[in-house]
Structure formats: structure tokens, C-alpha cells
Amino acid sequence: MVNQRADALIMPEPGTVLFCGLGLRGIHHSGIYIGDDGIVELARNGIVRVVHSDEFTRPTNIGAGLGARAAIAIAAPTAFLAALALTSPFDSMNIYASCRGQIAVGNPAVARRARSMIGQSRPYHIIKHNCHHFTFHCLTALRWDTARFLPDVMREAERHLGADTWRVWYPVD
């Protein structure tokens, strides 16, 4: 379930899974909140880094230009296209947080796993080795190639964190 209204202000806790849409239907970015407006992400250059909420939603910091994304979507396998269709409600630049009811839910172990990888370099590929692989690994401690898309991350947030909804987080400056 997704709540896109601001009827309840939420504040992520360390280990909360965050994601945002990137303005192109079905293309998303995910990472792990570690506190103090810090989000650990796998950037497109393959570096695991900490960014702030305003940087997390910038498409230029995350993936290739729109033309490259569109070309990948056209050439992508059927499973990728099916995953895009599943994730279409999140097409704005809002940041969504894993929640249980109206409360953000995270896990300190997830935040520690994310923090431990800051500065590491990984080969990046928009389908085979992307930010969702990184986020999935932080949640599960399983191999990076176990998941591919946002629905995989959402299922694991439900399983590992007890998340039952995704709410918009409005960071306060």
C-alpha cells in the first residue's frame, strides 16, 4: 500500500528503506537511511556513498540521461518490463519510506550494513547491478545479484522490517 498524501508526517529511522521515482514511468532509485538526513546509495559510477535527501532525488546523480534510460527500457527483457508495470504508482520525485502503519520502520543492522560499504566501488549496470541490488543486500545480507528491481526490495522490506505501507517523507531543512 502506498500513501502519497501528507496526512501524517513521518521521520525515517536508521535502516529505513527509501526510494524515489525518477520522472520516467517505472524507473526508481533506492537506498538506506542512516540518520541526520544521510542516505547511503549506490551511485551510477559504482561508488557506495552518502547523500542528503535533496541529492537522492536528482536523476543526474543517479542514472544516465533520459535517452539512455529509454533505450534500455526498449531493449530490456520481458521480466524488466513487467517489473516496470508493477511499480508505476511512484512516478513523482517524492521520497517514499518503509513504514508500519503511520510510523517509519527501519533496523539498525540494515543501517550498519549500509554504512560499512561507504566508499566501496562496485561495477554498476542499470539492470544487472544497480541501486536495488545494493538496498536488497543491506536488508538481507544476501548476495548482490539476488534481486533486480524495486518490487524485490519492497517484498524484503515487508519481510525483514515488517513494512506494510510506503509513505512520503518530506525532509525538513
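Our structure's up above, just so we're on the same page.
Residues numbered from 1 in each chain as written. Predicted model: local features only at pLDDT ≥ 70, side-chain atom pairs only at ≥ 80, totals over all residues. Heavy atoms only, no water.

1. Focus on the overall build of the chain
Counting its secondary structure elements, the chain contains seven helices and eight strands. Across the 173 residues of the chain, 50% fall into the buried class. Contacts in the chain between residues far apart in sequence, at least 24 positions, make up 64% of those at least 6 positions apart. Of the roughly 8100 Å² of accessible surface on the chain, a fraction of 56% belongs to carbon and sulfur atoms. (Helix = DSSP H or I, 4+ residues; strand = E, 2+ residues; numbered from the N terminus. Buried < 20%, exposed > 50% of the residue type's maximum accessible area, 1.4 Å probe, protein only. Contact = heavy atoms within 4.5 Å. Areas by Shrake-Rupley, 256 points an atom, 1.4 Å probe, with all protein chains shown as cover.)

2. Some points on the pattern of salt bridges
It is possible for side chains of opposite charge to pair when their charged atoms get near one another. As enumerated under the stated definition, the model contains three salt bridges in all. A salt bridge links E41 to R49; its shortest N-O distance comes to 2.6 Å. By relative accessible area, which is 0% here, E41 ends up buried. Overall, R49 belongs to the partly exposed group, its relative accessible area being 25%. The salt bridge partner of E156 is R159, with a shortest N-O separation of 3.3 Å. (Salt bridge = Lys/Arg side-chain N within 4 Å of Asp/Glu carboxyl O.)

3. Description of the packing of aromatic side chains
Following the criterion strictly, the structure yields three aromatic pairs and no others. Ring geometry for F19 against W166: centres 5.2 Å apart, planes inclined by 65°, an arrangement best described as edge-to-face. Of this pair, F19 sits in strand 2 (residues 17-21) while W166 sits in strand 8 (residues 165-169); the two residues are 147 residues apart in sequence, bridging distant segments of the chain. Here F19 and W166 have matching classes, each one buried. When the ring of Y33 is compared with that of W169, the centres are 5.4 Å apart and the planes differ by 80°; the resulting orientation is edge-to-face. With a gap of 136 residues between them, Y33 in strand 3 (residues 28-35) and W169 in strand 8 connect regions that are remote in the sequence. W169 shares its class with Y33; the two are buried. Grouped by ring-pair contacts, the aromatic residues F19, Y96 and W166 constitute a single cluster. (Phe/Tyr/Trp six-rings, centres within 6.5 Å; stacked < 30°, edge-to-face > 60°.)

4. Quick word on unusual backbone geometry
In this structure, D36 is a non-glycine residue whose phi angle is positive, near 50°. Topologically, D36 is positioned in the loop between strand 3 and strand 4 (38-42). What makes D36 exposed here is its relative accessible area of 76%. Despite not being glycine, D37 has its phi angle at roughly 65°, a positive value.

5. Examining the pairing of strand 4
With respect to burial, strand 4 is a largely interior element, five of its five residues being buried. Residues of strand 4 alternate between two faces, with G38, V40 and L42 on one and I39 and E41 on the opposite face, all of them buried. As defined by bridge partners, strand 3 adjoins strand 4 across three bridges and the pair is classed as antiparallel. Among the inter-strand pairings, G35 is bridged to a residue of strand 4, identified as G38. The loop that links strand 3 with its antiparallel partner strand 4 comprises two residues; one of these, D36, has a positive phi angle of about 50°. (Pairing = 2+ DSSP bridges.)

6. Some words on helix 5 (residues 108-116)
By the burial criterion, the buried members of helix 5 are V110, A111 and A114. The buried side chains of helix 5 occupy one side of the element, clustering within an arc of 100° when seen end-on. Where helix 5 is buried, its residues contact strand 3, strand 4, helix 6 (131-140) and helix 7 (150-161). (Arc of directions from axis to C-beta.)

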